[in-house]
Amino acid sequence: MLRICVCVSGGGTNLQAVMDAIDTGKITNAQIVRVISNNRGAYALERAKSRGIDAAAVSPKDYEDRECFNEALLACVDGAEPDLVVLAGFLVVLPPMMIKKYEGRIINIHPSLIPSFCGKGFYGLKVHEAVLARGVKITGATVHFVDEGTDTGPIILQKAVEVLPDDTPRVLQQRVMEQAEWVILPQAIHIIANGLL
Ligand code: GAR
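Every value quoted in this text rests on a predicted model; they were computed, and no experiment measured them.

In the vicinity of the ligand, 13 residues are found, and the nearest of them are G12, T13, N14, G124 and E181. Mapping the ligand onto the cavity grids shows that it belongs to the largest pocket. Counting residues per element, the ones that place at least two in the shell around the ligand are helix 1 (13–23), strand 5 (106–110) and helix 6 (169–193).

So, in structure tokens, the structure goes:
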């Protein structure tokens, strides 16, 4: 059974998709053992608690400097003894120590077709604003392994989504989530959990 630690910053709809996929058997051979947020008020923590999953907040505000926060975050991840760390909308730069320790065992969901609209400054709604500003007709989402760069690790799965003429960033974000993110993140976890990669 693959032990998963999910890191989240906000609403946690991707976390929800993973929990639902485990419940319905779309993901087999995996369990979420801990959900961690850098944001005490993240709704994602409530989603975890309501499923009886261990939920922890590790906020930079509670530590005197970045080093102390990084150590606390890594300790919290280590404490879950995960086989896989899933970044599901985790808007924190990971401690380099953590990337090294969990090399090949951290995956991230990004709301665009990497290498477009990714890297520093491209997260959340900003990605979809940039997509609309550029006028591309196709966007999507990507699940990839995390390395030392920003959105540079090996790609596991991608799914394309159409951009429509009247899209606003929020409308497009919702479509990318529904048609791509909530589909390929559970798929990627299932593939890893069952040794199919
Ligand atoms: C998702 O769209 C995810 O792809 C994005 O944050 C959102 C979190 O939503 N992640 C990034 O932009 C990472 N660069 P959620 O909390 O509802 O899952």
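As a further point, take the environment of D23. Here D23 shows up in helix 1. Residue classification places D23 among the exposed positions, given a relative accessible area of 55%. Residues D23 and K61, spaced 38 residues apart in sequence, show a C-alpha to C-alpha distance of 34 Å.

Right, let's talk about the layout of surface pockets for a bit. Taken as a whole, the largest pocket encloses approximately 900 Å³ of empty space. Lining the largest pocket are 38 residues, and of these F90, L91, V92, N108 and Y123 lie nearest its centre. Its residues placed into classes, the lining of the largest pocket shows 16 nonpolar, 17 polar and 5 charged. By volume, the second largest pocket amounts to about 150 Å³. If you list the elements that add at least two residues to the lining of the second largest pocket, you get helix 1 and helix 6.

Thresholds applied
Along each chain, residue indices are assigned from 1 in the same order as the chain's sequence is written. Given that this is a predicted model, residues contribute local features only at a pLDDT of at least 70 and side-chain atom pairs are listed and counted only at 80 or more, while totals for whole chains, interfaces and linings are drawn from all residues. Hydrogens and water are ignored here; the side-chain numbers use all heavy atoms of the structure. What makes a residue near a molecule or strand is one non-hydrogen atom of that residue sitting within 4 Å of it. Here a cavity denotes grid points, spaced 1 Å and computed from the protein atoms alone, that fit a 1.4 Å probe unable to get out, and a pocket denotes an open set having protein on both sides within 12 Å along at least 5 of 7 lines; residues with an atom within 4 Å of a point are the lining. Think of it this way: if more than half of a molecule's atoms are within 2 Å of a pocket's grid points, that molecule is in the pocket or cavity. Put simply, DSSP marks the helices as runs of H or I at least four residues long and the strands as runs of E at least two long, and each gets a number from the N terminus on. Remark: exposure states derive from per-residue accessible area (1.4 Å probe, protein chains only) relative to the maximum for the residue type, with buried under 20%, exposed over 50%, and partly exposed in between. Grid points are joined across faces, edges and corners, and a volume is the space filled by probe spheres set on the points. Residue polarity follows a fixed list, in which Ala, Val, Leu, Ile, Met, Phe, Trp, Tyr, Cys and Pro are nonpolar, Asp, Glu, Lys and Arg are charged, and the others, Gly among them, are polar.

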